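Chains, contacts and geometry: an overview
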Amino acid sequence: MQYLKSDFIPFRPDSGQIIANLEAAYDQWHGARQTLASLPTSMFWQTKGGADYLAVKNGGYDSATTKGVRSTQTEALYNSFVAEKELAKRRAAEADALIEQRALQYRALRLPVMLDKQGELLRALDVAGLLRNDLLIVGTNAFAAYEVLCGVKFPAGNEPTQGFDLAWCRGSAVSFASLVPDPDVEGHKSLMAVLQSIDSTYRLNPKKPYQAVNSAGYEVELLAAPSRAPLRGNEAFEPMVSLVEQEWLLRGKAAFVVVATQRHRACPLYVPDPRWMAVHKLWLARKPERNAQKRPKDARQGQVLLDACRYFLADAYPLDIGFVLDLPEELRDLFNDWTQGAGYEPPNT
């Protein structure tokens, strides 16, 4: 199906500023929460043998360790901790209030939103340093970000989904931490650890070790391109690494967008290059092993996203000769089929 430019519903003219304001408030909150996450859980004075010692706990269930007997140095360390933690808490609270205010304005414009449980998950992944560094959002949940990038409501492609798909990207060109994975995993939270910090009922599906499921049946799946194997040593997930099509989602320019949730929180989205997501979806629609019930949705999503790139993202994500030459043969044929149906001539930029 060919989508015309008139099939897309433009956002209101003031939407861009409201979206930017929400992202700025989220950045403030994210910085404060990362500061809090980097600090010890608690620091307190503990009396032993008639002397006071500075005790430190780095987790709710950790045993306290001591930093030494009370002295000028340990008192300065304690006072610095208290001041830094109070400042970060205050900044996080201020940012929370600002986010709620700006999310209300965002929601009033009927802009794309995410479910609150998805927002909670993605905020936790971002604070832990996994989103953008280790993980990309793939699948239908990425389409809210693509609508924001384009500044329009899509006529198709963002149908509700009952799960959440993530792709491992560390070590690839789209990772903020674009170096090869560090074998030292100390201090790095795993995906499962973050999930269980939100909901302790998350467990790996023994029949699908790439999938975690909670007691409510909500599914989180981790996908990985062959080039990303093996994952970091502390990751419990075992994603299938034979899916060559996952390589395509690590190409081009990934995008970071912040949208509102239904209950006026902020949700960070880090998604693949929309051009590569589009041709990836068109390829899935023809993949013989693909669930037949998912193929029509894949085809709609691929088509609407290519048309959106053509109409609204020509500068940032051009469908030009350079892009065509980067496509592997199996995707180039699909793209050529689209250009013929759309009457589109890729420019030589």
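Structure report, in brief.

**Concerning the nonpolar core**
- Membership of the largest hydrophobic core comes to 96 residues, with the highest contact counts inside it found for Leu125, Phe154 and Leu269.
- A per-element tally of this core places helix H7 (residues 274-284) first, with 7 residues.
- Excluding its chain neighbours within four sequence positions, the residues that come into contact with Phe154 are Phe8, Phe143, Tyr146, Glu147, Val304, Leu305 and Ala308.
- With 5 residues, the next largest nonpolar core counts Met43, Leu54, Val56 and Phe81 among its residues.

**Here we look at the pattern of salt bridges**
- Applying the stated rule across the entire model yields 14 salt bridges.
- Among the ionic pairs, Asp134 bridges to Arg170, the shortest N-O distance being 2.3 Å. Linking Asp134 in the loop between helix H3 (116-127) and strand S6 (135-138) with Arg170 in the loop between strand S8 (163-168) and helix H5 (191-198), this pair joins segments that are 36 residues apart in sequence.
- Under the relative-accessibility criterion, Arg170 is labelled buried at 12%.
- Asp298 serves as the salt-bridge partner of Lys281, at 3.3 Å between the closest nitrogen and oxygen. Taken together, the residues span a long stretch of sequence, with Lys281 in helix H7 and Asp298 in helix H8 (residues 295-312) at a distance of 17 residues.

Rules behind the numbers
Residues numbered from 1 in each chain as written. Predicted model: local features only at pLDDT ≥ 70, side-chain atom pairs only at ≥ 80, totals over all residues. Heavy atoms only, no water. Core = buried A, V, L, I, M, F, W, Y, C linked by side-chain atoms within 4.5 Å. Buried < 20%, exposed > 50% of the residue type's maximum accessible area, 1.4 Å probe, protein only. Helix = DSSP H or I, 4+ residues; strand = E, 2+ residues; numbered from the N terminus. Contact = heavy atoms within 4.5 Å. Salt bridge = Lys/Arg side-chain N within 4 Å of Asp/Glu carboxyl O.

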